[in-house]
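One-letter residues, chain by chain:
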Amino acid sequence: NAGVTQTPKFRVLKTGQSMTLLCAQDMNHEYMYWYRQDPGMGLRLIHYSVGEGTTAKGEVPDGYNVSRLKKQNFLLGLESAAPSQTSVYFCASTKRLAGDETQYFGPGTRLLVL
Amino acid sequence: RKEVEQDPGPFNVPEGATVAFNCTYSNSASQSFFWYRQDCRKEPKLLMSVYSSGNEDGRFTAQLNRASQYISLLIRDSKLSDSATYLCVVNGMNRDDKIIFGKGTRLHILP
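Numbering of residues begins from 1 in every chain and follows the order in which that chain's sequence is written. Each chain takes a letter, starting from A, and each ligand takes a number, starting from 1, following the order in which they are written. Side-chain atom pairs in this predicted model are given and counted only at pLDDT of 80 or more, local residue features only at pLDDT of at least 70, and totals for whole chains, interfaces and linings cover all residues. To get the side-chain values, all heavy atoms of the structure are used, and hydrogens and water are removed first.

Where do I start with the side chain of Glu43 of chain B in this structure?
A run of H or I in DSSP counts as a helix once it spans at least four residues, and a run of E counts as a strand once it spans at least two, with each numbered from the N terminus. Looking at the secondary structure, you find Glu43 of chain B in the loop between β4 (32-38) and β5 (44-50). In this scheme, a residue with accessible area under 20% of its type's maximum is buried, one over 50% is exposed, and one in between is partly exposed, where area comes from a 1.4 Å probe on protein chains only. His is not counted here, nor are the chain ends, while Lys and Arg score as positive and Asp and Glu score as negative. Throughout this description, the term salt bridge denotes a Lys or Arg side-chain nitrogen within 4 Å of a carboxyl oxygen of Asp or Glu. In this structure, Glu43 of chain B is buried with no salt-bridge partner, the nearest side chain bearing the opposite charge being Lys45 of chain B at 4.2 Å. Throughout, a residue-residue contact means that at least one pair of heavy atoms, one from each residue, lies within 4.5 Å. Contact partners of Glu43 of chain B, with chain neighbours within four places excluded, come to Phe90, Phe105, Gly106 and Pro107 of chain A together with Arg37 and Gln38 of chain B.

Would you mind showing me how to read the packing of aromatic side chains here?
Each pair of aromatic rings is reported with the distance of its centres and the angle of its planes. For Phe, Tyr and Trp, rings pair up if their centres lie within 6.5 Å, where Trp contributes its six-membered ring, and each pair is then called stacked (planes under 30 degrees apart), edge-to-face (over 60) or tilted (otherwise). Applying the stated criterion across every chain, the model contains 12 aromatic pairs over all chains. Centre to centre, the rings of Tyr35 of chain A and Phe101 of chain B are 5.3 Å apart; their planes meet at 75°, and the pair counts as edge-to-face. Pair noted here: Tyr35 of chain A is in strand β4 (residues 31-38) and Phe101 of chain B is in strand β10 (residues 99-101), and the two residues belong to different chains. Across the pair, Phe101 of chain B and Tyr35 of chain A agree in class, each one buried. A network of ring pairs unites the aromatic residues Tyr33, Tyr35, Tyr48, Phe90 and Phe105 of chain A together with Tyr36 and Phe101 of chain B as a single cluster.

Before we go on, may I ask you to explain the pattern of salt bridges in this structure?
Opposite charge on two side chains lets them pair, provided their charged atoms get close. Residues and elements named next belong to chain A. Under the criterion given, the structure shown has 9 salt bridges over all chains. Among the salt bridges present, the one from Glu101 reaches Arg96, with a minimum N-O distance of 3.9 Å. You can call Glu101 buried: its relative accessible area is 14%. With relative accessibility at 2%, the residue Arg96 sits in the buried group. Several salt bridges share partner residues, and in doing so they unite Arg36, Asp38 and Arg44 into one network.

How should I be thinking about the state of the cysteines in this particular structure?
Two cysteines form a disulfide when their sulfur atoms are joined by a covalent bond. The rule for a disulfide is simple: a pair of cysteine sulfur atoms within 2.5 Å. Using the criterion set out here, one finds 2 disulfides over all chains in the structure. Residue pairing for Cys23 of chain A: its cysteine sulfur links by disulfide to Cys91 of chain A, the two sulfurs lying 1.8 Å apart. On the sign convention where negative means left-handed, the S-S torsion of about -75° between Cys23 of chain A and Cys91 of chain A marks this disulfide as left-handed. Of this pair, Cys23 of chain A sits in strand β3 (residues 19-25) while Cys91 of chain A sits in strand β9 (residues 87-94), and the two are 68 residues apart along the sequence. When its relative accessible area of 0% is taken as the criterion, Cys23 of chain A is described as buried. On the basis of relative accessibility, which here comes to 0%, the residue Cys91 of chain A falls in the buried class. Across the disulfide, Cys23 of chain B is cross-linked to Cys88 of chain B (sulfur-sulfur distance 1.9 Å).

I tried to follow the environment of Thr5 of chain A on my own but got confused; where do I start?
All names here are of chain A. Here Thr5 lies in strand β1 (residues 4-7). In sequence terms Thr5 and Leu45 are 40 residues apart; their C-alpha atoms lie 18 Å from each other. Not counting residues within four places of it along the chain, the set of residues in contact with Thr5 comprises Leu22, Cys23, Ala24 and Pro107.

Would you explain a nonpolar patch on the surface in this entry?
Like charges are joined within 9 Å and nonpolar side chains (Val, Leu, Ile, Met, Phe, Trp, Tyr) within 5 Å, but only among residues with over 30% relative accessible area and no salt bridge; these make up the patches. Only the protein chains shown count as cover for residues, and the accessible areas themselves come from Shrake-Rupley with a 1.4 Å probe. Together, Phe10, Val12, Leu112 and Leu114 of chain A make up an exposed nonpolar region whose accessible area comes to about 380 Å². Along the chain, the position of Leu114 of chain A falls in the segment after β11 (109-113).

Help me out: how do you make sense of the interface of chain B and chain A in this one?
Note on interface size: it is often stated as the accessible area lost on association of the parts. With 20 residues of chain B at the interface, the matching set in chain A holds 22 residues. Buried area is calculated as the accessible area (1.4 Å probe) missing from two parts once they are joined, with the contributions of both summed. Both sides together, the interface formed by chain B and chain A hides about 1900 Å², and carbon and sulfur atoms give 49% of it. Of all residues in chain B, Arg95, Ile99 and Phe101 of chain B bury the most surface against chain A, accounting for 32% of the area lost on that side. Between chain B and chain A we count 0 salt bridges in total. N or O atoms within 3.5 Å of each other form a polar contact, as long as, within protein, one can give a hydrogen and the other can take it, and as long as residues adjacent in sequence are counted only when both atoms are side-chain atoms. Our count for the chain B to chain A interface comes out at 5 residue pairs in polar contact (both at pLDDT 80 or more). Where the side of chain B that touches chain A is concerned, the elements lending two or more residues are β4, β5, β9 (84-91) and β10 of chain B. Among the elements that make up the side of chain B that touches chain A, the one with the highest residue count is β4 of chain B (4 residues). Residue polarity is assigned by list, with Asp, Glu, Lys and Arg as charged and Ala, Val, Leu, Ile, Met, Phe, Trp, Tyr, Cys and Pro as nonpolar; anything else, Gly included, falls into the polar class. For the side of chain B that touches chain A, a count of residues per class yields 7 nonpolar, 5 polar and 8 charged.

This is how it looks when you write it as structure tokens:
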């Protein structure tokens, strides 16, 4: 059981480049989330998904797109990276059922945009 | 008022001491409450859920006060390994409601 995995672990981009972050979970969870974490800002929700084929905007969605084509995968895309998107990105998943609401996080992706 | 508020700290506490954190939330309809722990440069992990009746797990005790809309975490006999950031998490009433994280409280246990 790998839990939640994220690829890549670290990436350096130049301004204007694009990339996709992959999150995969093997726990059959319905709900998946993408967060970014910056010093002093805590975790901020970018986008989330309540099931395969569905996505919704979170607190800071601008500059990002997501897709949930398969239940186990949640992709986060940056179409044109900006230095303000330098951050640590965490993916999380959960069943979100009464009595079982634990969020399981991936190890994070550290992104530096120059 | 922010949805979930925590004292950012840092709390610098000698080993063996007792330390308490509070967290306030704004949405009275919130249903589920949790404390997560995050070590430096690591992902957050669930520490414990918070129940209305309060709950204890070893040296850790969590309490919920719905009337005043706050939750607390008490750590007794603190260890060096307790040094981390503690995140307060609040879930809404509905499954599709957003999960709200506090910004976290940093704890340093001093030898």
